[in-house]
Amino acid sequence: MHYVIIGAGAVGGTIGGRLHQHGHRVTLVARGAQLAALRDAGLRLATPVAEHQLAVPVVAGPAELELTPDCTLILTVKSQDTVAALDTWADVPVRGGGVAGDRLPLVCAQNGVANEPAALRRFAQVYAACVWLPATYLAAGTVAAQGHPYSGQLQLGRYPEPDPPGPALEQLAADLTGSAVAASVRPDPMRWKYGKLLANLANGLDALFDERDPELLTQVRDEGAAVLRAAGTPHTTRAEEAAERGDRVELRPVAGQRRAGSSTRQSLARGAGSVEVDYLNGEIVLLGRRHGVETPANLAVQRAVRRAVHDGTAPGQFPVAEFRAILAASDS
Ligand SMILES: CC(C)(CO)C(=O)C(=O)O
């Protein structure tokens, strides 16, 4: 199997680096400074117990890579970049005939629940992966993965459910687990992804404020749960997720590094220009509107994070009074 990891940030870099480190064929797809650094010096993957310098092949896009029938595409870009990535890859010819969208499996290893339906417009074989993988993009070419002894945990399954998973997925789960990323094949991956969506509603708050406001956090999660109830959408519980993780993925310090917070906070910190909030708190807002449930706290988080991106606000520094005003306006 040749794993093509589209998006070489913290999650893509860790998954790709771990697979490469354990002898699997991997190509990373990167852009900008990350591409230049990876081409120049390879990937530096720091873990709680070691630092690995990995010469993982990297490309800028399909023009530099021949797709073959043994390729599995793993999408690890942020949700707001999914459609562009699908546009780039779906029509790429595969050696022997046909194009990627018809011939190759595509795994959505991303936060949120909007990627799989988008992928299904362009790819016939779509898989959902619920990813719990605490990692930090430290600098171009350098990623720290804080999970130990496994760097992360994935629940994988076919999309739409309950189609049978297929050999590519079984193989991926085995290869990941053998590469320090614990993975299991499930009949209900979207149930896991909706559960994770509720957890990820904290990402925006973590990006906005240094101090955690437990009431606000409860409010965004309660709204999320109410919306999923109204929609009749099953989701895993936090207890179920914690039990599943067990002691397989313990958070441990990586020498000299402090965890840089949620992926949304990290995007804001590096001035990424866009963040995933429309697909996290914004997904709850969308579902609330569809199902007649008010979601003022999630709407306020979505609006405030978008404003922080627009204004270039540093992570944690969003003025509380301004947030309260946005919340009051969202509540009316
Ligand atoms: C909680 C975590 C780190 C797990 O992967 C995550 O999903 C995120 O920060 O977006």
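Computed from a predicted structure; not experimentally measured.

Colleague: Outline helix H2 (residues 32–41), listing residues and values.
Modeller: Listed in full, the buried residues belonging to H2 are Gln34, Leu35, Ala37 and Leu38. Against the buried residues of H2 lie strand E2 (25–29), strand E3 (43–46), strand E5 (58–59), strand E9 (135–139) and strand E10 (142–145). Downstream of H2 by one or two residues, glycine 42 has phi in the positive range, about 80°.

Colleague: Would you mind going over the site of the ligand in detail, with residue names and values included?
Modeller: Within the structure, the ligand sits among 11 residues, and Asn111, Leu133, Lys196, Asn203 and Ser263 are positioned closest to it. One nitrogen or oxygen atom from the side chain of serine 263 is found 2.5 Å from an oxygen atom belonging to the ligand. Summarising the interface, the protein chains cover 85% of the accessible area of the ligand, which totals 290 Å² for the free molecule. Tallied by class, residues from the shell around the ligand come to 4 nonpolar, 5 polar and 2 charged. Split by domain, the residues of the shell around the ligand number at least three in each of domain 1 (2–187) and domain 2 (193–330).

Colleague: Can you explain the packing of aromatic side chains? Please cite residues and give values.
Modeller: A full pass over the atoms with the stated rule returns 1 aromatic pair. Above the ring of tryptophan 132, the side-chain terminus of arginine 245 is found at 3.9 Å from the ring centroid. Over the aromatic face of tyrosine 137 sits the side chain of arginine 270, whose NZ or CZ is 5.1 Å from the ring centroid.

Colleague: Report on the UniProt feature "domain: Ketopantoate reductase N-terminal" (unreviewed entry) in the chain, specifying residues and quantitative values.
Modeller: Residues annotated by UniProt as "domain: Ketopantoate reductase N-terminal" (unreviewed entry) correspond here to residues 4–160. Annotated as 25% helix and 35% strand, the span residues 4–160 places its first and last C-alpha atoms 22 Å apart.

Colleague: Requested: an account of the domain arrangement of the chain, with residues and values cited.
Modeller: It is common to give the size of an interface as the accessible area lost on bringing the parts into contact. We note that the domain assignment places domain 1 (2–187) and domain 2 (193–330) within the chain. Of the residues lining the interface, 37 residues belong to domain 1; the matching set on domain 2 comes to 29 residues. Summing the contributions of domain 1 and of domain 2, the shared interface buries around 2,900 Å²; its carbon and sulfur component is 58%. For arginine 186, the salt bridge goes to glutamate 244, with nearest N and O atoms at 2.5 Å. Secondary structure elements with two or more residues in the side of domain 1 that touches domain 2: strand E8 (125–132), E9, E10, strand E11 (147–149), strand E12 (152–159) and strand E13 (181–185). Considering each element in turn, the side of domain 1 that touches domain 2 owes the most residues, 5 residues, to E8.

Thresholds applied
- Residues numbered from 1 in each chain as written.
- Predicted model: local features only at pLDDT ≥ 70, side-chain atom pairs only at ≥ 80, totals over all residues.
- Heavy atoms only, no water.
- Buried < 20%, exposed > 50% of the residue type's maximum accessible area, 1.4 Å probe, protein only.
- Helix = DSSP H or I, 4+ residues; strand = E, 2+ residues; numbered from the N terminus.
- Contact = heavy atoms within 4.5 Å.
- Near = heavy atom within 4 Å.
- Polar contact = N/O pair within 3.5 Å; in protein donor to acceptor, adjacent residues only side chain to side chain.
- Areas by Shrake-Rupley, 256 points an atom, 1.4 Å probe, with all protein chains shown as cover.
- Nonpolar A, V, L, I, M, F, W, Y, C, P; charged D, E, K, R; others polar.
- Domains from an automatic or database assignment.
- Phe/Tyr/Trp six-rings, centres within 6.5 Å; stacked < 30°, edge-to-face > 60°.
- Lys NZ or Arg CZ within 6 Å of the ring centre and 35° of its normal.
- UniProt positions renumbered as here; feature names shortened; annotations may be inferred.
- Buried area = accessible area lost by both parts, 1.4 Å probe.
- Salt bridge = Lys/Arg side-chain N within 4 Å of Asp/Glu carboxyl O.

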